[in-house]
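# Report on the structure
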Amino acid sequence: MSWASWTTRGIFAGRDGVMTGEDGPVLTGELDIHTTWTEVEGLAHVTVQYSGASDWLPLAGSPIPCPSEEASRALHEAVINSVRAGATLPLSTGLP
């Protein structure tokens, strides 16, 4: 079984913040982003927390189908850029 995981700390959310979960809160300020991908599931799970907090919350739209480790890394980078812009997951973007 293949898997991959990335965490990026200290990302400042854009003006409108980031939506979490189905009906979760909107997070603003300094955030940490974590992405985990597993080959068996073929899904990338993306979570967010306030920097330094202990609780991770799923981003709205997570998990997302993701065909490979390379695609999950590209997704993680796209999520970081979206969070900086104050958007939810880039679900409509094509994955490599």
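The structure this text deals with has already been given above.
Residues numbered from 1 in each chain as written. Predicted model: local features only at pLDDT ≥ 70, side-chain atom pairs only at ≥ 80, totals over all residues. Heavy atoms only, no water.

### What about a nonpolar patch on the surface?
Rule in force here: Two distance rules govern patches: like charges are joined within 9 Å, and nonpolar side chains (Val, Leu, Ile, Met, Phe, Trp, Tyr) within 5 Å, applied only to residues with over 30% relative accessible area and no salt bridge. Areas reported here follow the Shrake-Rupley algorithm with a probe of radius 1.4 Å; residue values treat only the protein chains shown as occluding. Salt-bridge detection follows one rule: a side-chain nitrogen of Lys or Arg within 4 Å of a carboxyl oxygen of Asp or Glu. Each helix is a run of DSSP H or I of at least 4 residues and each strand a run of E of at least 2, with the numbering of both proceeding from the N terminus. Only protein chains enter the accessibility calculation, which uses a 1.4 Å probe; a residue whose area is less than 20% of its type maximum is buried, one above 50% is exposed, and one in between is partly exposed.
Among the surface-exposed residues, Met1, Trp3 and Val40 lie close enough to one another that they form a single nonpolar patch of about 430 Å² accessible area. Within the secondary structure layout, Met1 lies in the segment before strand E1 (3-12). Residue Met1 is classed as exposed on the basis of its relative accessible area of 74%.

### Topic: unusual backbone geometry
Residue Pro63 follows Ser62 across a cis peptide bond; omega there is 5°. Looking at the element boundaries, Pro63 is found in the loop between strand E6 (57-58) and strand E7 (64-65).

### Brief notes about the pattern of salt bridges
Following the criterion strictly, the structure yields three salt bridges and no others. As a salt-bridge pair, Arg9 and Asp32 come within 3.2 Å of each other at their nearest N and O atoms. Note that Arg9 is positioned in strand E1 and Asp32 in strand E4 (residues 30-38), a separation of 23 residues in sequence.

### Comments concerning the nonpolar core
Our working definition: What we call a nonpolar core is a set of buried Ala, Val, Leu, Ile, Met, Phe, Trp, Tyr and Cys residues that are connected through their side-chain atoms within 4.5 Å. For this analysis, residues touch if any pair of their heavy atoms sits within 4.5 Å.
Of all hydrophobic cores here, the largest spans 20 residues; its most connected members are Leu31, Ile33, Val79 and Val83. In terms of residues, this core owes the most to one element, helix H1 (residues 69-85), which gives five residues. Sequence-distant contacts of Leu31, defined by excluding residues within four places in its chain, comprise Thr8, Arg9, Gly10, Ile11, Ala13, Val18, Val48, Gln49, Tyr50, Ser51 and Val83.

### Some words on the pairing of E4
Cut-off, in case you're wondering: Note on pairing: DSSP must find at least two bridges between two strands before they are called paired.
Extensive coverage of E4 is indicated by the burial of seven of its nine residues. Pairing geometry for E1 and E4, over eight bridges, is antiparallel. Looking at E4, one finds that Ile11 is bridged to Leu31. Here eight bridges tie E4 to strand E5 (residues 43-50), and the two strands are oriented antiparallel to one another. Each residue of the ladder has a partner; that of Trp37, found in E5, is Ala44. Where E4 folds back on E5, the antiparallel hairpin that results is connected by four residues, among which Gly42 adopts a positive phi of roughly 70°.

By themselves these figures say nothing about function.
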